[in-house]
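Single-letter residue listing:
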Amino acid sequence: IGSLSLEFTRLTQLSGDPKYYDAIQRILNAFEQSQNTTRLPGMWPISLDARNLDFSNDRNFGLGAMADSLYEYFPKFAYLVSFLIAHLLTIAAISSPQWQGQADPEHDEKSMAVAKEHLFYRPLNPGNLDLLISGSVRQIGAGYDRKNEGQHLTCFVGGMVALGAKIFNTPEDILTAQRLTDGCVWAYQQTPSGMMPEIFEAI
């Protein structure tokens, strides 16, 4: 449900009709209010109850299938809204203090800090290359069980982290972005076909 923030914001920009941005802002408000109350505070589960705005049922977290657009769009959305504000597009809907005047790194910074701690891992590889892969995690009891997998759909993560580093001025994340990108390149190179599997597990 977080997948249309860019498209609907752009529709408001092009049409002058605030209803598209208004719909997205309501969804983002729900994400903001729940970010620290999920089973993995700072991130949102892969599945949720949108009707009741319940973010607590699913114990599974990751940046791949069914979650990728949400996280990918956070830095892009913050940048787009800041760009609109900076160019004095006086559409009433784009007046939320959440986004006034500048890109707000809050969603992105919190979720990426959690991803760094729980999702990103360095796979064992013959050349001992300095790589990162974005895995997934399941909340079990009071702890978390990381699955050392890789998904083709997480190959955007390196670019997302690099973009966030530029937008939010966190240059220390550029190395993380490079290591994540190198991890996907490495995964491609390990197969006879030269194509990375949709999903794989690594040590």
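One can find the structure itself at the top, above this paragraph.
So what about the state of the cysteines? Which residues, and what values?
Considering all chains together, one arrives at 1 disulfide under this definition. Each sulfur in the disulfide pair Cys-155 and Cys-184 lies 2.1 Å from the other. Between Cys-155 and Cys-184 the sulfur-sulfur dihedral comes to about -105°; the bridge is accordingly left-handed. With Cys-155 in the loop between β6 (149-151) and α5 (157-167) and Cys-184 in helix α6 (residues 173-189), this pair connects stretches of sequence that are 29 residues apart.

Outline unusual backbone geometry, supporting the account with residue identities and numerical values.
With a phi angle near 50°, Leu-53 is a residue other than glycine that sits in the positive phi range. Within the secondary structure, Leu-53 is located in the loop between α2 (19-34) and β1 (60-62). Although it is not a glycine, Asn-169 sits at a positive phi angle of roughly 55°. When you line up the elements, Asn-169 lands in the loop between α5 and α6.

Give me the lowdown on the pattern of salt bridges, citing residues and values where you can.
Inspection of every chain in the model, using the stated rule, returns 7 salt bridges. The salt bridge involving Arg-26 is made with Asp-22; its shortest N-O contact spans 2.8 Å. Of this pair, Arg-26 and Asp-22 both sit in helix α2, 4 residues apart, which is roughly one turn of that helix. The exposure class of Arg-26 is exposed, given its relative accessible area of 57%. Sharing partners across several salt bridges, the network here consists of Arg-122, Asp-130 and Arg-179.

Tell me what's going on with the nonpolar core, and back it up with residues and numbers.
The nonpolar side chains of a soluble globular protein tend to be buried with one another. Core analysis: the largest hydrophobic core is formed by 33 residues, its most contacted members being Met-43, Leu-63, Tyr-71, Phe-120 and Val-157. By residue number, the principal contributor to this core is helix α3 (residues 68-86), which donates 7 residues. Beyond its immediate stretch of four places on either side in the chain, Tyr-71 contacts Met-43, Trp-44, Gly-62, Leu-63, Ser-111, Met-112 and Met-160. Judged by nonpolar contacts, the second largest core, of 9 residues, contains Leu-131, Ile-133, Cys-184 and Trp-186.

Go over the pairing of strand β4 (residues 136-140) with me, naming the residues and quoting the values.
Note that β1 and β4 share 3 bridges and pair antiparallel. Pairing of Asn-60 across the sheet is with Arg-138, part of β4. As paired strands, β4 and strand β5 (residues 143-147) are joined by 5 bridges and run antiparallel to one another. From the neighbouring strand, Gln-139 faces β5, where its bridge partner is Tyr-144. Here β4 folds back onto β5, and the loop between the two strands holds 2 residues, one of which, Gly-141, carries a positive phi near 60°.

Please set out the packing of α5 against α6 residue by residue, giving values where relevant.
It is at 7 Å that the axes of α5 and α6 come closest, and there the two elements cross at 165°. Relative to α6, α5 is oriented roughly antiparallel. Note on packing geometry: the crossing formed by α5 with α6 is left-handed. Counting all contacts with α5, which are made through Val-157, Gly-158, Gly-159, Val-161, Ala-162, Ala-165 and Lys-166, the residues of α6 involved are Asp-173, Ile-174, Thr-176, Ala-177, Leu-180 and Thr-181. Residues of the contact of α5 with α6, tallied by class, amount to 7 nonpolar, 4 polar and 2 charged.

Rules used in this analysis
Residues numbered from 1 in each chain as written. Predicted model: local features only at pLDDT ≥ 70, side-chain atom pairs only at ≥ 80, totals over all residues. Heavy atoms only, no water. Disulfide = S-S within 2.5 Å. Helix = DSSP H or I, 4+ residues; strand = E, 2+ residues; numbered from the N terminus. Salt bridge = Lys/Arg side-chain N within 4 Å of Asp/Glu carboxyl O. Buried < 20%, exposed > 50% of the residue type's maximum accessible area, 1.4 Å probe, protein only. Core = buried A, V, L, I, M, F, W, Y, C linked by side-chain atoms within 4.5 Å. Contact = heavy atoms within 4.5 Å. Pairing = 2+ DSSP bridges. Axes fitted to C-alpha atoms, helices over the stretch in contact; angles between N-to-C directions. Parallel < 35°, antiparallel > 145°, perpendicular 65-115°, else oblique. Left-handed = near helix turned anticlockwise from the far one by under 90°. Nonpolar A, V, L, I, M, F, W, Y, C, P; charged D, E, K, R; others polar.

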